[in-house]
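What follows is the residue order along each chain.
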Amino acid sequence: MALHTRLTDMLEIEHPVMLAGMGGVSYHRLVAAVSEAGGIGTFGASTMSVDELPREMALVRQATSKPFGVDLLTAMPGQVEAGIQAVIDGGARIFVAGLGVPREVIDLLHDHNVLVGSMCGKVRHAVGAVASGVDFVVAQGTEGGGHTGVVATMALVPQVVDAVGDKVPVVAAGGLYDGRGLAASLALGADGVWVGTRFIATPEARAVAGYKDTLLGMREDDTVISRAYTGKTCRVVRNEWTKHYESNPADLLPFPGQAVASTRAGVNHLGAEDGTIVDVSREFMPAGQGVGGFDSLVPAADIVRSMVAEAERTLERIAAVRR
Ligand SMILES: Cc1cc2nc3c(=O)[nH]c(=O)nc-3n(C[C@H](O)[C@H](O)[C@H](O)COP(=O)(O)O)c2cc1C
């Protein structure tokens, strides 16, 4: 049995499981592992230098012949323009834009056979993205790690499906970490899932020292939405640095000034070398609310396989309810 959706057809992949393009985390080992397992890995290239992205993409092509993608942040001045040629030259199958629709590059990407996705936290974001010509949307609920909005996944996904699901596949994101979440997403009308936080707790993820262990020890209510690291609302591990800005919001700078400030203060190493020593009591560690649902490091391929197997069992269990 297999889970066959419009997303698996469109991307020519086996399983409707996408690795989220997590800045600082989704580098070649993790991207290759998810793609090779039959999902699709997406680079979090927002933290990569112009030289680094082509190198990283070459390493994935060495490790697997399966499709992979790249995510960049539209809101970072010049980031999409600087990276887009590397995305095309490096053989990416998909390009996903966070924090805005990459209107000016959609035609160029399509001309080179690259499919385009857009991260959406509201229905109107999805409607605007589809009107601009994107091929799929990711509806990310507030539960998700990283930059996030205010609407919950459970409420957002069906509303995005109703608004644009007749035109493009919709991918669910935010707080999804197992096969029940995948099955629930399909039940809500989504065509697949875009998973971030669960894939940080893998041997293949790139992370500063202590990040993965911190996640393994957390409960579902240990994250907070904070502007303390970038200036935009970002769901992260609650710690001394976020608590300081909860008490002193007037100290916050607007995006991206706060990202510069947190980097200068030595609490923002997203994109640093794997295993970089940091002060975990203050460090920038994006994480979603699903974090309380797992407590061990698991190879990324096993996560893909177990999500699909559990989703199949869940769908059978639900079907049996009707008898
Ligand atoms: C460490 C981390 C970094 C992220 N960086 C990005 C990014 O650079 N671009 C982006 O579109 N989304 C980014 N996100 C959001 C993810 O793409 C995804 O939507 C989110 O992780 C899904 O929720 P989950 O973490 O509960 O699975 C990031 C999330 C995390 C946890």
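Treat the numbers as computed from the prediction; the structure is a model and nothing was measured. (Residues numbered from 1 in each chain as written. Predicted model: local features only at pLDDT ≥ 70, side-chain atom pairs only at ≥ 80, totals over all residues. Heavy atoms only, no water.)

Around the ligand, the structure places 25 residues, and the nearest of them are D71, Q140, G175, G196 and T197. Between the ligand and the protein, one listed contact pairs a nitrogen atom with a side-chain N or O atom of D71 at 2.8 Å. The separation between an oxygen atom of the ligand and a polar side-chain atom of Q140 is 2.5 Å. Contact with the protein chains removes 95% of the 600 Å² of surface that the ligand exposes when unbound. When contributions to the shell around the ligand are tallied by element, the ones reaching two or more residues are β3 (68-73), β9 (192-195) and α9 (197-200). For the shell around the ligand, the class distribution of residues is ten nonpolar, 13 polar and two charged. Counting only domains with at least three residues in the shell around the ligand, you end up with domain 1 (6-205 + 294-321) and domain 2 (211-291). (Near = heavy atom within 4 Å. Polar contact = N/O pair within 3.5 Å; in protein donor to acceptor, adjacent residues only side chain to side chain. Areas by Shrake-Rupley, 256 points an atom, 1.4 Å probe, with all protein chains shown as cover. Helix = DSSP H or I, 4+ residues; strand = E, 2+ residues; numbered from the N terminus. Nonpolar A, V, L, I, M, F, W, Y, C, P; charged D, E, K, R; others polar. Domains from an automatic or database assignment.)

Now for the pairing of strand β6 (residues 136-140). Taken across its five residues, β6 has five buried, putting it largely inside the fold. By the alternation rule, side chains of β6 split into F136, V138 and Q140 and V137 and A139, which are all buried. Here strand β5 (residues 115-120) pairs with β6 via four bridges, running parallel. Among the inter-strand pairings, M119 is bridged to a residue of β6, identified as V138. Between β5 and its parallel partner β6, the chain crosses via helix α6 (residues 123-131), and the hand of that crossover is right-handed. The sheet contact formed by β6 and strand β8 (residues 170-173) spans four bridges and is parallel. (Buried < 20%, exposed > 50% of the residue type's maximum accessible area, 1.4 Å probe, protein only. Pairing = 2+ DSSP bridges. Right-handed = clockwise from strand over helix to strand, strands pointing away.)

Looking at the second largest pocket, its volume works out to about 190 Å³. Around the second largest pocket, the lining residues are E143, T153, M154, G174, G175, L176, G181, A184, S185, L188 and Q289. Elements supplying a minimum of two residues to the lining of the second largest pocket: α7 (153-164) and α8 (179-187). Take the lining of the second largest pocket: its biggest share by element is three residues, from α8. Split into classes, the residues belonging to the lining of the second largest pocket amount to four nonpolar, six polar and one charged. (1 Å grid on protein atoms, 1.4 Å probe; cavity = no way out; pocket = protein on both sides within 12 Å on 5 of 7 lines; lining within 4 Å. Points joined across faces, edges and corners; volume = space filled by probe spheres on them.)

Attention now goes to the pattern of salt bridges. One pass over the structure, following the stated rule, counts nine salt bridges. Here E240 makes a salt bridge to K243, at a shortest N to O gap of 3.9 Å. One end of the pair is E240 and the other is K243, both in helix α11 (residues 240-247) and three residues apart, which spans about a single turn. One salt bridge connects R282 with D279, and the closest N-O pair in it is separated by 3.6 Å. Each of D178, R180 and E310 takes part in a single network of salt bridges with overlapping partners. (Salt bridge = Lys/Arg side-chain N within 4 Å of Asp/Glu carboxyl O.)

For the rest of this paragraph, the subject is the nonpolar core. M18, V70, F95, L109, V137, W194 and F199 are the most contacted members of the largest nonpolar core, which has 94 residues in total. The dominant element in this core, judged by the number of residues it contributes, is helix α13 (residues 300-321), at seven residues. There are two domains that each give this core at least three residues, and those are domain 1 (6-205 + 294-321) and domain 2 (211-291). Residues within four places of V137 in sequence aside, it is in contact with S118, C120, A126, A129, V130, V160, V164, V168, P169, V170 and V171. (Core = buried A, V, L, I, M, F, W, Y, C linked by side-chain atoms within 4.5 Å. Contact = heavy atoms within 4.5 Å.)

So, on to empty space enclosed by the protein. Take a probe with the size of a water molecule and roll it over the atoms, and the empty space left behind shows itself. What the rule picks out here adds up to one cavity of 30 Å³ or more. When its volume is computed, the largest cavity comes out at roughly 50 Å³. In terms of lining, the largest cavity is formed by G24, V25, R206, A207, V208, Y211, H269, L270, G271, A272, E283 and F284. For the lining of the largest cavity, the class distribution of residues is seven nonpolar, three polar and two charged.

In this section: the sheet that holds β8. The eight strands are arranged β1-β9-β8-β6-β5-β4-β3-β2 in an open sheet whose pairing can be described as parallel. Only two strands of the sheet have a single partner each, and these edge strands are β1 (17-19) and β2 (41-44). On average, each strand axis in the sheet is inclined to that of its neighbour by 25°, with strand direction left out of account. Where β2 and β3 come together, four bridges link them in parallel fashion. Its bridge partner lying in β3, F43 is registered against V70. Against the sheet, helix α2 (residues 28-36) touches β1, β2 and β3, its axis set at about 165° to β2. Packed on one face of the sheet, α7 meets β5, β6 and β8 and runs near 155° to β6. (Axes fitted to C-alpha atoms, helices over the stretch in contact; angles between N-to-C directions.)

Taken domain by domain, the protein consists of domain 1 (6-205 + 294-321) and domain 2 (211-291). The gap between the C-alpha centroids of domain 1 and domain 2 is 22 Å. In total, domain 1 and domain 2 occlude about 1900 Å² of area from one another, counting both sides; carbon and sulfur atoms represent 63% of this. By the criterion of area lost to domain 2, the three top residues of domain 1 are H147, I200 and F294, representing 25% of everything that side buries. Run the count over domain 1 and domain 2 and you get zero salt bridges. Elements represented by at least two residues in the side of domain 1 that touches domain 2 include exactly β7 (146-147) and α9. (Buried area = accessible area lost by both parts, 1.4 Å probe.)

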